[in-house]
Amino acid sequence: MARTVARVIVDALSELGVRQVFGVVGDALNPLTDALRTTDGVEWVGCRHEEAAAFAASAQSQLSGTLGVCMGTVGPGSVHLLNGLYDAAKSHAPVLAIAGQVPLGELGSDYFQEVDNDALFSDVAVFRATVTSPDQLPHLLELAVRNAFGRKGVAVLTVPGDLGDRELSTDRPARFSLNSPVTRPEEPAVREAAELLDRAERVTLLVGRGARQAREDVLALADRLAAPMVLTLKAKEGFEGDANPFQVGQTGLIGNPAAASALEEADTLLLLGTDFPYRDWYPEGKTVVQVDTEATHIGRRVPVEVGLVGDTGATVRDLLTHLAAPAPGTDGARDRSHLEKARKRFQEWRTGQARLADPSHDKGLIGRLRSTFDNRSDDIRPEALAAVVDRLAADDAVFTSDTGMATVWLSRFVEMRGERQLIGSYNLGSMANAMPQALGAQCLDRERQVVAFCGDGGLSMLLGDLMTLKTHRLPVKLVVFDNRRLGMVKLEQEQAGLPEFGTVLDNPDFAAVAEAMGIPGIRVTEPAELEKAVRRAFDTPGPVLLDVLTNPDEVAVPAKPTVEQGWGFAVAKVKEIVRSHGDDGTA
C-alpha cells in the first residue's frame, strides 16, 4: 500500500532520529499529527504558542547536533513560528519547520488565513518549498533536510491542507546522506599565519563556539603562544573552569576588565571560531589572524592580516606544526608575563565578584554603605542568586538564559564546568527564549537537570507554555530574576543619561501563578532564605518555579566603562530623583 504525504514525512523524521516534534495542532497539520500519533519513538509536544515550539526545536538542535523539528498550521500558526526560527537561523541550528497551508486549489485566492509562506520565510530560511503534488516526496523533504544541515540553518516545507492525506503514486524510502566534510586552509596561508605569531611578543586568543570541538588543540596552542584566552559567551561551554589555565573570561558589555586588558595589551590577536559582532570591543592597531569555517566571516568585524578558512581543530593542528621549533639547548618557552598579568587581573576580579555574591554582603560596612544608594529595599542581589545556583547545580546541568540581565549574571557567576551546557538567544537577542529552550532541552533527557535563568519580562511574554512543562511533566527548574523591570533597557537608558521610562513591570506573584498551573512555586524575598530555597527547588521532583525578588537598581558595569557612560548614568539618576520627588509632591 502506498504511503501518504504525512506518513512519508513522519517516517523520515523517525529514521533521522528525531524524538520530538513541537507545535500547535489543527487544520492542515491534522494528517501529520495523526501520523505522529501512530508512530513509536517520535513524540508530539503540543505547545501553547508556536514561537515556543520553534525555540524548543532550535534548542534541541543546538544541544544535540541533530535536526530540530517544529510545526505551525495555516496562516497565524506559521507566522508565530518566525521569531523562534530567526533565533535558530542566527544560531546556525539545523531546524525543519513544517508549515500548513490552505487547500491547493485555493492558493492565490486570498482564502481564509492564507499567507504566502514562501515569501514569509524568505529571509529566515536557507530552503523553502511548497508541496504541490504528492509525487514531489520524498525528494523535496530530502532537499529540505540536506539544506538545513549543509547550510546550518532553517528549512521550511509547506504542506497544503488537502495534500497530507494523499498517497504517492511512486513510493521509495528517503535518502539523506548527511556526512560533513572537514576543511582546512592552504599551507602557504598557514605558514604566513605561523610566521606572524612567531614574531609576536604578546598574543591574545579570542575563542568562540566554533572552537569547542577542538578544546585540547586550542589549549595546546595557548600554551605554545603563552596567550591569555578571552572567551565569547558561547565558548563558556568547553573552555571555562579550573582545567583551563589560560582563560580570562568574556569581553563586551557582559565582560570583565581582565579580558578587556588582555585584548588591549596584545600586539597580535588570534580569533578562533568566533564571529564576535561588537566592533567597539575590538582593540585598534593590532595584527589579527582569524580562523573560521566560513570565508564570509573573515574580516567582517575587524581588519585581518591573515584569514584561515577551515575547521578550527584541523587548522590549529596545522598551525602547531608550522610554528618555529624551540632553539637547540633551550626549552623553547616564550615570555609568559602577558599571560600571567592577565590571569592575575582575572583572579582579582573574580575575588571581588565573589564578595558581591555573598548573600550577607549588605550586612557589612561597605555593603551597608552601598545599599543606601542602590538597594534601599534590601532586595536580594542578583549576583548572590546566580552564585548560589552555580554552587548547587549539577556538573552536567543544561543552562538557558533570557536575553538581558539574566544573561549578565549567568555569564559572570555560573561556570560551565564539567559537562554543563549553555544556550540562549545570543545572536538574535530575543526576549522570552529561556523557558521554551529549556523545554526542548529537557525533552532530550528527562533525567538531566535543566535550569532556566528567566527574566521577569521574558517569562511573562510566553507564560502560557508553563503549562507545557506541567502537561509533559518536564522537570525544568525556572529561576526568575524578578526585579520588576526590563533591566537591560533600564541600564541602556541610564547609561545614555535618560531617566528610566517604560521599564517598570507590574508583576504578579509568579510562584502563585505557577501553583495555580499545578507547578510548585517558591517565592524568595529575604537574602537569608536564598540558599535554602534554591536547594528546595533543585530537590523537588518535576518542574519548579523559583521567584526571587532581586534588586532592580543593580548595576552591571561594562569591562571598560567610558566617561560618557558614567556621566550619563549620574545624570539619569538625578533626573529620576527629581521626577520621583515631583510625582509625590515633595521638594
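Okay, so let's go over this structure. What you see is a predicted model, and the numbers here were worked out from it, not measured in a lab.

## Let's talk about the overall build of the protein
Consideration 1: Looking only at helices and strands, one finds 23 helices and 18 strands in the protein.
Consideration 2: Relative to the compact-globule value of 25 Å for 587 residues, the protein shows a C-alpha radius of gyration of 26 Å, a close match.
Consideration 3: By its C-alpha atoms, the protein is 75 × 75 × 45 Å across when sized along the principal axes.
Consideration 4: For the protein, the residues scored as buried account for 55% of the 587 residues in total.
Consideration 5: In the protein, 73% of the contacts between residues at least 6 apart in sequence involve partners at least 24 apart.
Consideration 6: Total accessible area computed for the protein in this model is approximately 24,700 Å², and 52% of it derives from carbon and sulfur atoms.
Consideration 7: If the 61 positive side-chain charges of the protein are averaged to one point and the 82 negative ones to another, these points end up 4 Å apart.

## A look at the side chain of H297
Consideration 1: Tracing the sequence through the fold places H297 in the loop between β11 (287-292) and β12 (306-309).
Consideration 2: Classification of H297 by relative accessible area gives buried; the value is 10%.
Consideration 3: In this structure H297 touches D275, Q290 and D292, once residues within four positions along its chain are discounted.

## Considerations on the sheet that holds strand β4 (residues 95-101)
Consideration 1: Across the sheet, 6 strands lie side by side as β2-β1-β3-β4-β6-β5; this open sheet has parallel pairing. In the strand order of this sheet, the two ends are held by β2 (43-46) and β5 (125-130), each with one partner. In this sheet, neighbouring strand axes are inclined to one another by 20° on average, regardless of whether the strands run parallel or antiparallel.
Consideration 2: By the bridge criterion, 5 bridges tie β5 to strand β6 (residues 154-160) in an arrangement that is parallel. Residue pairing in the sheet places A129 in a bridge with L157 of β6.

## Let's talk about helix α15 (residues 382-392)
Consideration 1: The buried fraction of α15 is high, at 10 of 11 residues.
Consideration 2: When we look at burial in α15, the residues that qualify are P382, E383, A384, L385, A386, A387, V388, V389, D390 and L392.

## Topic: the sheet that holds strand β15 (residues 450-455)
Consideration 1: Ordered by their spatial adjacency, 6 strands build an open sheet running β14-β13-β15-β16-β18-β17, and the pairing between neighbours is parallel. Strand pairing shows two members of the sheet lacking a second neighbour, β14 (421-424) and β17 (521-524), which therefore form its edges. Across the sheet, the mean angle from the axis of one strand to that of its neighbour is 15°, orientation sign disregarded.
Consideration 2: In the packing of helix α17 (residues 434-444) onto the sheet, the strands contacted are β13 (398-401), β14, β15 and β16 (477-482), and the crossing angle to β15 comes to about 170°.

## Describing helix α7 (residues 139-150)
Consideration 1: In this model α7 runs 16 Å from its N-terminal to its C-terminal C-alpha over 12 residues, within 8% of the 16 Å that 1.5 Å per residue would give.
Consideration 2: Within α7 the residues assigned to the buried category are L140, L141, E142, A144, V145, N147 and A148.
Consideration 3: Taken together, the buried residues of α7 touch α1 (5-15), β4, β5 and β6.
Consideration 4: Looking one or two places after α7, you find K152, whose phi comes out positive at around 50°.

What counts and what doesn't
- Residues numbered from 1 in each chain as written.
- Predicted model: local features only at pLDDT ≥ 70, side-chain atom pairs only at ≥ 80, totals over all residues.
- Heavy atoms only, no water.
- Helix = DSSP H or I, 4+ residues; strand = E, 2+ residues; numbered from the N terminus.
- Rg over C-alpha atoms; globule rule 2.2 N^0.38 Å.
- Buried < 20%, exposed > 50% of the residue type's maximum accessible area, 1.4 Å probe, protein only.
- Contact = heavy atoms within 4.5 Å.
- Areas by Shrake-Rupley, 256 points an atom, 1.4 Å probe, with all protein chains shown as cover.
- Lys, Arg positive; Asp, Glu negative; His and termini not counted.
- Charge placed at Lys NZ, Arg CZ, Asp CG, Glu CD.
- Pairing = 2+ DSSP bridges.
- Axes fitted to C-alpha atoms, helices over the stretch in contact; angles between N-to-C directions.
- Expected span 1.5 Å × (residues − 1).

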